[in-house]
Amino acid sequence: MDKVLNFLVAAVLAGTPLLFGTAGEVLTEKSGNLNLGVEGMMFMGGVAGLAGAYYYEQAVGTPIGWVAILIAVACAFLCGVLGALIYGFLTITLRANQNVTGLALTIFGTGFGNFFGEVMHNSVGSYVAVCDVTKNAFSAGIPVLSGLPVVGKLLFSYNVLVYLAIAVALGLAWFLGRTRKGLNLIAVGESPATADAAGINVTVYKYLSTCIGGGIAGLGGMYIVMVTCSGVWVHNCISGYGWLAVALVIFATWSPLRSIFCALVFGGLSVLRYYLPLGIPMQIYDILPYVVTVIVLVAISMRNKRESQPPASLGSAYFREER
């Protein structure tokens with residue numbers, strides 16, 4: 001029982017960065033923008049979150065845990081927004097090819113993260129790491145409730161970013177399904193010309209959804225750096241999580257609620273080696289999430305149900321003159 005419980009907890013922790021990336025990309029794609037630069041935005045958010053917490057510590061000497069969290073979250077979100085804004089300007093305003101621009105953003109963001117990670121490394125003469133106060137703040141569960149038997153560990157032992165990721169996914173589900181602006185956004189993704197004719201500002205909706213979605217993806221990169229890597233910058237630390245998030249959008253059929261389940265499943269696959277040793281090479285465990293991703297994508301593509309299909313205008317630039 002303890003082994004199963006530990007596995008579920010580990011799956012939730014491992015799936016949280018995927019949930020951030022998937023939820024952010026769902027919001028972006030609902031507007032009709034296919035941003036393949038999630039990996040790059042996660043790199044940008046990761047290095048920005050670490051830099052915010054680290055330089056806050058250097059400025060005050062004795063940091064306050066919750067303040068360090070807020071600064072790291074703000075820096076990661078804004079840096080993710082910056083990456084998405086670059087993508088938005090090129091694809092929405094200049095109408096560049098979305099696939100090529102997304103790939104370029106991945107390359108740019110990866111270089112951005114590794115470059116500034118090395119800059120911080122060189123500035124201090126050793127590896128960059130936050131202090132124990134900040135580390136504990138990013139790993140602490142809910143006081144008192146986390147000490148409850150079974151339920152406490154299963155539901156209340158996670159760090160604040162886990163609950164933030166779930167709240168973001170639930171908030172997006174409510175926004176897209178229960179609000180007028182959310183329905184307007186869906187209309188923009190399905191038929192921007194029709195939405196434009198109805199008086200909806202297509203450009204504003206595309207920019208806002210793309211930028212906010214990029215900021216959410218940036219939080220996933222920050223989670224990897226501050227929680228998975230314990231507040232230490234590791235070269236190429238994102239390691240394909242952004243690409244998995246792009247694939248999980250299809251697995252979740254563009255639903256923020258289903259993205260929670262998908263992130264949990266793939267989080268479990270990524271830690272399976274520690275809880276189900278089968279005597280097979282470790283490399284098999286490493287490729288298992290990607291193999292399952294391919295299988296799921298093939299299965300989803302074979303379904304003809306409308307609810308499992310992407311927004312009708314996904315990947316296409318909108319030219320108002322052609323309306």
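Residues numbered from 1 in each chain as written. Predicted model: local features only at pLDDT ≥ 70, side-chain atom pairs only at ≥ 80, totals over all residues. Heavy atoms only, no water.

**Observations regarding the overall build of the protein chain**
Right, so step 1: When you go through the protein chain residue by residue, the secondary structure sums to 14 helices and zero strands.
Right, so step 2: For 323 residues, the compact-globule formula gives about 20 Å, and the C-alpha radius of gyration of the protein chain, at 20 Å, lands near that figure.
Right, so step 3: Seen through its principal axes, the protein chain has C-alpha atoms that stretch 55 × 45 × 40 Å.
Right, so step 4: Counting over 323 residues, the protein chain shows a buried share of 50%. (Helix = DSSP H or I, 4+ residues; strand = E, 2+ residues; numbered from the N terminus. Rg over C-alpha atoms; globule rule 2.2 N^0.38 Å. Buried < 20%, exposed > 50% of the residue type's maximum accessible area, 1.4 Å probe, protein only.)

**Looking at the pattern of salt bridges**
Right, so step 1: In total, this model carries one salt bridge according to the counting rule given.
Right, so step 2: Across the pair Asp286 and Arg273 runs a salt bridge whose closest N-O atoms are separated by 2.2 Å. With Asp286 in helix 14 (residues 282–301) and Arg273 in helix 13 (residues 272–275), the pair connects residues that are 13 residues apart, well separated along the chain.
Right, so step 3: The exposure class assigned to Asp286 is partly exposed, which follows from its relative accessible area of 36%. (Salt bridge = Lys/Arg side-chain N within 4 Å of Asp/Glu carboxyl O.)

**Side note on unusual backbone geometry**
Right, so step 1: Phi is positive for Arg95, close to 60°, though the residue is something other than glycine.
Right, so step 2: On the secondary structure map, Arg95 appears in the loop between helix 3 (65–93) and helix 4 (98–124).
Right, so step 3: On the basis of relative accessibility, which here comes to 33%, the residue Arg95 falls in the partly exposed class.
Right, so step 4: Here Ser230, not a glycine, exhibits a phi torsion of approximately 60°, which is positive.
Right, so step 5: Secondary-structure assignment places Ser230 in the loop between helix 10 (202–228) and helix 11 (241–251).
Right, so step 6: Using a relative accessible area of 38% as the deciding quantity, one classes Ser230 as partly exposed.

By themselves, these are just geometric observations and shouldn't be taken as functional.
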